[in-house]
Amino acid sequence: MTGGDGTVLSLTDIFKHFPVRRSFFSRETLRVHAIDGVSLAVPAGKTVGLVGESGCGKTTLGRVALRLVEPDSGKILFLGQDITALAGEEMRRTRKMMQIIFQDPYSSLNPRMRVGDIVGEGWLVHGIAGSREIRELAERLLLRVGLSADAADKYPHEFSGGQRQRIGIARAISLSPKLVVADEPVSSLDVSVQAQILNLLKDIQEEYGMAYLFVSHDLRVIRHMSETVAVMYLGKLMEVSPAEEFFGNPLHPYTRSLLAAVPMLGGAPREKIVLRGEIPSPVSPPPGCRFHTRCFMARKLCEEVCPPLREAAPGRMAACHFV
Ligand SMILES: Nc1ncnc2c1ncn2[C@@H]1O[C@H](COP(=O)(O)OP(=O)(O)OP(=O)(O)O)[C@@H](O)[C@H]1O
Ligand SMILES: [Mg+2]
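Predicted model only: the values in this text are computed from it and were never measured.

Engineer: Account for the sheet that holds strand β5 (residues 81-82), with residues named and values stated.
Structural biologist: Note: strands within a sheet are paired through backbone hydrogen bonds, in either parallel or antiparallel orientation. Strand order in this open sheet of four strands is β2-β1-β4-β5, and the pairing throughout is antiparallel. What marks the edges here is a single partner per strand, and that holds for β2 (29-43) and β5.

Engineer: Describe the environment of I128, naming the residues involved and giving the relevant values.
Structural biologist: Following the sequence through the fold, I128 ends up in the loop between α3 (115-125) and α4 (131-144). Separated by 47 residues in the primary sequence, I128 and L175 have C-alpha atoms spaced 9.2 Å apart.

Engineer: So what's going on with helix α9 (residues 253-260)? Residues and values would help.
Structural biologist: Burial of α9 is extensive: seven of the eight residues sit out of reach of the surface. Those residues of α9 lying buried are P253, Y254, T255, S257, L258, L259 and A260. Packing partners of the buried residues in α9 comprise α7 (219-225), β9 (228-233), β10 (236-242) and α8 (243-248).

Engineer: I'd like a description of α4, backed by residues and values.
Structural biologist: Taking 1.5 Å per residue, 14 residues should reach 20 Å; α4 reaches 20 Å between its end C-alpha atoms and fits that length. Lining the buried residues of α4 we find α3, α5 (161-173) and α6 (191-208). G146, located one to two residues past α4, shows a positive phi value of around 90 degrees.

Engineer: Break down the pairing of strand β1 (residues 7-21) for me, citing the residues and quoting the values.
Structural biologist: Two strands pair when backbone bridges link them, and β1 and β2 are joined in this way by 12 bridges, in the antiparallel orientation. Within β2, the position partnered with L11 by the bridge is L40. Across five bridges, β1 lies against strand β4 (residues 73-78) in antiparallel orientation. Residue pairing across strands places S10 opposite L77, the latter belonging to β4.

Engineer: Break down the site of ligand 1 for me, with residues and values.
Structural biologist: Near ligand 1 lie 13 residues; those nearest to it are S54, G55, K58, T59 and T60. A distance of 2.7 Å separates an oxygen atom of ligand 1 from a polar backbone atom of G55. Taking C56, its main chain carries an N or O atom lying 3.2 Å from an oxygen atom of ligand 1. When contributions to the shell around ligand 1 are tallied by element, the ones reaching two or more residues are β1, β2 and α1 (58-65). With three residues, α1 is the largest single contributor of residues to the shell around ligand 1. Looking at the shell around ligand 1 residue by residue, the classes come out as six nonpolar, five polar and two charged.

Engineer: Lay out the environment of R27 in plain terms, naming residues and giving numbers.
Structural biologist: Tracing the backbone shows R27 in the loop between β1 and β2. For R27 and D203, which are 176 residues apart along the polypeptide, the C-alpha to C-alpha distance reads 51 Å.

Engineer: Residues and numbers for the packing of α5 against α6, please.
Structural biologist: Relative to each other, α5 and α6 sit at 15 degrees, their axes nearing to 10 Å. As judged from the angle between their axes, α5 and α6 are roughly parallel. Both α5 and α6 take part in a crossing whose hand is right-handed. On α6, the residues touching G162, Q165, R166, I169 and I173 of α5 are V193, Q196, I197, L200, L201, I204 and Y208. Partitioning the contact of α5 with α6 into residue classes produces eight nonpolar, three polar and one charged.

Engineer: Report on the sheet that holds strand β11 (residues 310-313), specifying residues and quantitative values.
Structural biologist: Spatial ordering of the open sheet is given by β6-β7-β8-β3-β9-β10-β12-β11, a layout of eight strands whose pairing is mixed. With one partner strand each, in any of the chains shown, β6 (98-101) and β11 form the two edges of the open sheet. Adjacent strand axes in the sheet meet at a mean angle of 25 degrees, parallel and antiparallel pairs treated alike. Note: β9 against β10, six bridges, orientation antiparallel. The residue bridging Y233 from the neighbouring strand is K236, located in β10.

Rules of the game
Residues numbered from 1 in each chain as written. Chains lettered and ligands numbered in written order. Predicted model: local features only at pLDDT ≥ 70, side-chain atom pairs only at ≥ 80, totals over all residues. Heavy atoms only, no water. Pairing = 2+ DSSP bridges. Helix = DSSP H or I, 4+ residues; strand = E, 2+ residues; numbered from the N terminus. Buried < 20%, exposed > 50% of the residue type's maximum accessible area, 1.4 Å probe, protein only. Contact = heavy atoms within 4.5 Å. Expected span 1.5 Å × (residues − 1). Near = heavy atom within 4 Å. Polar contact = N/O pair within 3.5 Å; in protein donor to acceptor, adjacent residues only side chain to side chain. Nonpolar A, V, L, I, M, F, W, Y, C, P; charged D, E, K, R; others polar. Axes fitted to C-alpha atoms, helices over the stretch in contact; angles between N-to-C directions. Parallel < 35°, antiparallel > 145°, perpendicular 65-115°, else oblique. Left-handed = near helix turned anticlockwise from the far one by under 90°.

This is the structure:
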């Protein structure tokens, strides 16, 4: 089941600004431009990797996709249905088919619940199974994610970080979702454990046929996981390309700068580009192209006119006046 065009999720022109106070004593409110006009589609059964520096809006976009955060404007299509304003029972039924895996396996599991109950909670909430069946289903899922069946009786604190992330994965797939937002699912894990968890996520994706919106700031992880890569900068998408082309021949100067900083990715020989300066404040993003203050290609036009995300090569999108 997908939208008619094979997409599970389609975001159109999403905006999300957060009001913040200028200072503790001030009444004046400012707006954090977390998402500024983002459109992105996730095909059924595939992975779209969302990458970008800290604070560029990745988590917010993932949460908007699941409507855990309400967008200010824009449209969210899930399996072809407009869910932007869906409420009540209909939204509850839709929620079953969308899940999230969090970055921090320590805080995302209820420490007072047994693992079997954590994994089986979705079945209980949606009235799919009774408690005896849930126990059996939970054991089967725990085995599937590489834990032992008796893990069901234990509490989260009895497990290591990697094992807890396996529990988080079991919980996420318990209702056979069509879309999983994985928000930095391995960033808090040791490198040796990261690869195991990534491979588990890939195997399970194949088995269950679900799509991932996979958020990471680590290009190596993105490369391992994604069919399509989307690059975000200060609330806007800079490039969306198939992964192979993205890593072999990056188009956008921001993408090129990011890749240049990771010499061990293979693919094309890396350019010598140094990303200058800090990412500007999302409270007052630069006019024109958001990236122009750090761009090695920037010209006068870039300071004045914001380049739209447009097809820059067949099947590839970039937001730059000069690619
Ligand atoms: N509830 C909130 N209230 C105010 N500002 C927020 C809120 N949530 C996010 N922001 C701001 O919105 C911007 C985008 O945040 P977001 O967490 O989406 O970024 P991110 O790309 O996930 O960053 P990271 O890589 O650090 O996780 C940041 O400037 C952040 O401070
Ligand atoms: Mg984040």
